[in-house]
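Remarks on the overall topology
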Amino acid sequence: MELQDDVVDIWRADMNVDPIFLETCYGMLSSDELIRADKYTFERDRNYFIARRGILRTLIGQYLNCESHAIVFNYGPYGKPYLSKYPNFQFNISHSQDRFSWPSLRIHHWVSIWN
């Protein structure tokens with residue numbers, strides 16, 4: 001996949017995924033993401049987090065032509081993830097219970113998606 005200038009791709013996913021896909025997503029996560037996942041009290045919330053991050057890593061990997069498990073997230077002062085290695089690749093994450101939206105863009109304009 002390739003992002004073009006001045007084009008915004010918007011992805012939406014359902015977080016109710018099958019156990020095999022969830023296991024695949026779990027295998028993509030970094031050590032800090034695994035620690036975050038383990039902090040969830042309820043299994044459903046933990047599974048949604050794992051699925052969200054796995055899907056995010058898969059999509060970013062396809063856009064940047066790299067392995068999803070090799071993506072390194074940095075975090076801003078309020079916890080917003082970004083990729084310092086790819087400063088022009090910007091994205092925002094929105095989620096509400098079992099839904100996940102992800103607009104991505106390559107330019108310096110922000111887009112918000114509300115579920």
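**Some remarks on the confidence of the model for the protein**
Scored by pLDDT, the protein has a mean of 80; 76% of the residues are at 70 or more. Ranking the helices and strands of the protein by mean pLDDT puts helix α2 (residues 31-38) first, with 95, and strand β6 (residues 99-105) last, with 53. Scored below 50 in pLDDT, residues 105-115 makes 35 contacts in the model with residues more than four places away or belonging to other chains.

**What to know about the nonpolar core**
One finds Ala 13, Met 15, Leu 22, Cys 25, Leu 29, Ala 37, Tyr 48, Phe 49, Ile 50, Ala 51, Ile 55 and Leu 59 forming the largest nonpolar core, which totals 12 residues. Elements supplying a minimum of two residues to this core: α1 (19-28) and α3 (43-64). The dominant element in this core, judged by the number of residues it contributes, is α3, at 6 residues. Counting residues in each nonpolar core, the second largest holds 9 residues, with Tyr 63, Leu 64, Leu 83 and Phe 89 among its members.

**Let's talk about α3**
Helical periodicity: at 3.6 residues per turn, an α-helix aligns residues three or four positions apart in one direction. The end-to-end C-alpha separation of α3 is 31 Å, in line with the 32 Å expected for 22 residues at 1.5 Å each. Where α3 ends, the next residue or the one after it, Asn 65, has phi of about 55°, a positive value.

What counts as what
- Residues numbered from 1 in each chain as written.
- Predicted model: local features only at pLDDT ≥ 70, side-chain atom pairs only at ≥ 80, totals over all residues.
- Heavy atoms only, no water.
- pLDDT = per-residue confidence, 0-100.
- Helix = DSSP H or I, 4+ residues; strand = E, 2+ residues; numbered from the N terminus.
- Contact = heavy atoms within 4.5 Å.
- Core = buried A, V, L, I, M, F, W, Y, C linked by side-chain atoms within 4.5 Å.
- Buried < 20%, exposed > 50% of the residue type's maximum accessible area, 1.4 Å probe, protein only.
- Expected span 1.5 Å × (residues − 1).

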